[in-house]
Amino acid sequence: MMRAVLCLVVIALACDGISSLLLSGREYGRLRNTAPAISWYSRIRRLSRPTHRIIDPTEDCFLVTSEEGELFFKSPSDEPSVCGIYMIAEPDKRIQVTFNYLDVPCDNGGLVAWIDGWELNGQVWPADAWDDDRVIESCDRRPQRKLVSRQNAALIQYRVPAQGKGFAVTIRHLKNARPCNVMLFGAEGVYTLRNHGETSNCSVIGVSPAVVRIIDLNVGQAVKNRNPLEIETGTIHHCTKRGLPDYVEIGGASGLDHTKMEVLDTVCGLDSNEGRRPAFIACEDTVARLISSGRFYNSVTLAFAPLPLEDIEHADLICGMNDL
Ligand SMILES: *[C@@H]1O[C@H](CO)[C@@H](O)[C@H](O)[C@H]1NC(C)=O
């Protein structure tokens, strides 16, 4: 099981909550949540084991859950506040949501949205694989089919300004044979990114500052349809400057949009030596991206650990410093 989903490190997110439902950009501005800006952390709560639960609107407006089960929401008032159920599963899982019932009048902006990814403070993840199919909005009628995410995190955002109205969902975690984008909540764990010989950009994002260490690297070396030569090149830095097409970027981002990440290091090569120096990333989110041209079989194994508070000031990368 995912340990301590509600990590203290969330404090470092310094979020002021969901700013809007993820609607078209046109509508975005006028849907600002007027609720006072209380920190995200103070308003999230971990779901306990029982898999049958009623959302308490006063406590659970920003709910993060790694559990499967059934959730019910019944609006306590006519307030048009925006809330979210942030679902996360193990890296090799997808999230499936079934709306068992949905009774949300469309009047006054009543809306329930399924989002195949996460949205926070106007930023979405995974941003570089985003398309319109990732958002499904409903009111009045429930989505008939089961909704399945492409990665291990998904979101239900809702605004039910009608007392007594609401919805019920069942959350399940399904196997994902080839995860590409992966979220590590609390930035803890070891994860291997692979391209399976395909042209792709895949990433791991840790939702907090983190220490990242490359444990194993095989990027831009194993040419397809050829016997592996297995020559240890060691870790090659500045791969893009050398014109090497496949590489790993390590860095951080101020928010969920990893396409806006600040890159600390770019590496490639074949290196199975574990003794590399870790990178200390003091950013809201810590990101590793594997860029693959499709000419090689790539893999990189990364260990993420929370960044100790005392290491923040001498971190290798502190996001936002270039803006000062
Ligand atoms: C993958 O990332 C590279 C470098 O950031 C970018 O040039 C390319 O367009 C991306 N490809 C896809 C399919 O997103």
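All values derive from a computational prediction rather than experimental measurement.

**Section: the packing of aromatic side chains**
By the definition in use, this model includes five aromatic pairs. With a centroid separation of 5.1 Å and 70° between ring planes, the pair formed by Tyr 158 and Phe 167 is classed as edge-to-face. The exposure class of Tyr 158 is buried, given its relative accessible area of 1%. Exposure remark for Phe 167: the relative accessible area of 0% places this residue in the buried category. Site record: aromatic cluster; members linked through ring pairs are Phe 73, Phe 99, Tyr 158 and Phe 167.

**Considering the site of the ligand**
In the vicinity of the ligand, the residues found are Asn 201, Tyr 247, Arg 289 and Ile 291. One of the side-chain N or O atoms of Asn 201 is found 2.4 Å from an oxygen atom in the ligand. Between the ligand and the protein, one listed contact pairs an oxygen atom with a side-chain N or O atom of Arg 289 at 3.3 Å. About the coverage of the ligand: the protein hides 37% of its 360 Å² of free accessible area. Tallied by class, residues from the shell around the ligand come to two nonpolar, one polar and one charged.

**Some thoughts on the pattern of salt bridges**
Summed over the entire model, instances satisfying the criterion amount to 12 salt bridges. Where Glu 198 meets Arg 178, a salt bridge forms, and the shortest distance between an N and an O atom there is 2.9 Å. Residue Glu 198 is located in the loop between strand S14 (189–194) and strand S15 (200–206), and its partner Arg 178 is located in the loop between strand S12 (166–175) and strand S13 (181–184); the two are separated by 20 residues in the primary sequence. On the basis of relative accessibility, which here comes to 47%, the residue Arg 178 falls in the partly exposed class. With a shortest N-O distance of 3.6 Å, Lys 260 and Asp 257 are connected by a salt bridge. Overlapping salt bridges, with partners in common, bring together Asp 116, Asp 131, Arg 134 and Arg 150 in one network.

What counts, and at which threshold
- Residues numbered from 1 in each chain as written.
- Predicted model: local features only at pLDDT ≥ 70, side-chain atom pairs only at ≥ 80, totals over all residues.
- Heavy atoms only, no water.
- Phe/Tyr/Trp six-rings, centres within 6.5 Å; stacked < 30°, edge-to-face > 60°.
- Buried < 20%, exposed > 50% of the residue type's maximum accessible area, 1.4 Å probe, protein only.
- Near = heavy atom within 4 Å.
- Polar contact = N/O pair within 3.5 Å; in protein donor to acceptor, adjacent residues only side chain to side chain.
- Areas by Shrake-Rupley, 256 points an atom, 1.4 Å probe, with all protein chains shown as cover.
- Nonpolar A, V, L, I, M, F, W, Y, C, P; charged D, E, K, R; others polar.
- Salt bridge = Lys/Arg side-chain N within 4 Å of Asp/Glu carboxyl O.
- Helix = DSSP H or I, 4+ residues; strand = E, 2+ residues; numbered from the N terminus.

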